[in-house]
Amino acid sequence: MKYAEVSDVEAGYRKLDAEESERCDALLEEAAVVVDAFNAEADDDRKKLVSCRMVRRQMDAGSQGAVSFPTGASQGSASAMGYSQTWTMSGGSVGELYLSKLEKQLLGAGSKIGARSPVEDLAT
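In this convention, every chain numbers its residues from 1, walking through the sequence in written order. In keeping with the predicted nature of the model, local features appear solely for residues at pLDDT of at least 70, side-chain atom pairs appear and are counted solely at 80 or more, and the whole-chain, interface and lining totals rest on all residues. As a convention, hydrogens and water are excluded, and side-chain values are obtained from all of the structure's heavy atoms.

Trainee: Before we go on, may I ask you to explain the overall build of the protein chain in this structure?
Mentor: Assigned secondary structure in the protein chain consists of five helices and two strands. Secondary structure elements of the protein chain, listed N to C terminal, follow the sequence α-α-α-β-β-α-α. Here's how the labels work: a residue is buried when its accessible area is under 20% of the maximum for its type, exposed when over 50%, partly exposed in between, all with a 1.4 Å probe on protein chains only. Every one of the 124 residues in the protein chain was classed for burial, and the buried ones make up 31%. Note on areas: Shrake-Rupley, 1.4 Å probe, and residue coverage restricted to the protein chains presented here. As displayed, the protein chain offers around 8200 Å² of accessible surface, 50% of which is attributable to carbon and sulfur atoms. The helix and strand labels rest on DSSP assignments: H or I over at least four residues marks a helix, E over at least two residues marks a strand, and numbering proceeds from the N terminus.

Structural data, given as structure tokens:
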């Protein structure tokens, strides 16, 4: 089960080679599981958009030299002769599929406040 195809990820991103396309297809299946865990009832267009964003972020994290910092990093640091590099990730870590705050909101699962008391059910 996937909500997007490799061509959807490529659109507005970049052309993937054969190996990347295969990896992308597998990541789209994995992204669908994550999306469904947050809201399986979300609109299909939103599921497609979120899946593409998650996979693009992961594809960038695995590319060598194409991006100078991990996609999704909120802070970064670099040094030269001491070979030091530091990054702070905003929603997950490089190497894993994760949902950003915006993506959770797109799925209807972000920034909700609520409470439920099982004791109240006993009173009625």
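There's more to say after this.
Trainee: For this particular structure, what's the right way to read the packing of aromatic side chains?
Mentor: When we look at a pair of aromatic rings, we describe it by the centre distance and by the angle of the planes. Classification of ring pairs rests on two measures: the distance between centres of Phe, Tyr or Trp rings, Trp counted by its six-membered ring, which must be within 6.5 Å, and the angle between planes, read as stacked under 30 degrees, edge-to-face over 60 and tilted in between. Applying the stated criterion to the full structure yields zero aromatic pairs. Here the basic side chain of R57 rests over the ring of Y98, its NZ or CZ set 4.3 Å away from the ring centre. Should the NZ of a Lys or the CZ of an Arg lie within 6 Å of a ring centre and within 35 degrees of the ring normal, that charge is described as sitting over the ring.

Trainee: I keep staring at the environment of E20 and nothing clicks. Help me out?
Mentor: Its location among the elements puts E20 in helix 2 (residues 18-39). Non-local contacts of E20, meaning those with residues more than four positions away in its chain, are made with R14, K15 and M59. Counting of polar contacts relies on pairs of N or O atoms within 3.5 Å, with two restrictions inside protein: one atom must be capable of donating a hydrogen and the other of accepting it, and residues adjacent in sequence are counted only when both atoms are side-chain atoms. Of the polar contacts made by the side chain of E20, one reaches the side chain of R14; its length is 3.0 Å. Residues count as neighbours in contact if any of their non-hydrogen atoms are within 4.5 Å of one another.

Trainee: Just to check I follow, could you spell out the pattern of salt bridges for this structure?
Mentor: Between side chains of opposite charge, a pair can form when the charged atoms approach closely. Criterion for a salt bridge: a side-chain nitrogen of Lys or Arg within 4 Å of a carboxyl oxygen of Asp or Glu. Inspection of every chain in the model, using the stated rule, returns eight salt bridges. The partner of K2 in a salt bridge is D25, and the shortest N-O contact between them spans 2.4 Å. Residue K2 is located in the segment before helix 1 (6-10), and its partner D25 is located in helix 2; the two are separated by 23 residues in the primary sequence. Linking K15 and E10 is a salt bridge whose minimum nitrogen-to-oxygen distance equals 3.7 Å. We classify K15 as exposed; its relative accessible area is 67%. A network of salt bridges, in which partner residues are shared, links K2, E5 and D25.

Trainee: When you look at helix 2 in this model, what are you seeing that I'm missing?
Mentor: The α-helix advances 3.6 residues per turn, and as a result positions three or four apart in sequence lie on the same side. If you check helix 2, its first and last C-alpha atoms are 31 Å apart, about what 22 residues at 1.5 Å a residue would give, namely 32 Å. What helix 2 keeps buried is the set E20, S21, C24, L27, L28, A31, A32 and V35. The buried residues of helix 2 occupy an angular sector of 170° when the element is viewed end-on, so they sit on one face. Residues of helix 2 that are exposed and point more than 90 degrees away from the buried face comprise E19, E22, V33 and A37. One side-chain oxygen at the N-terminal end of helix 2 lies 3.1 Å from the backbone nitrogen of E19; it belongs to D17. Every helix has an expected span of 1.5 Å times one less than the residues it contains. Arc definition: it is the arc formed by the directions from the helix axis to the C-beta atoms.

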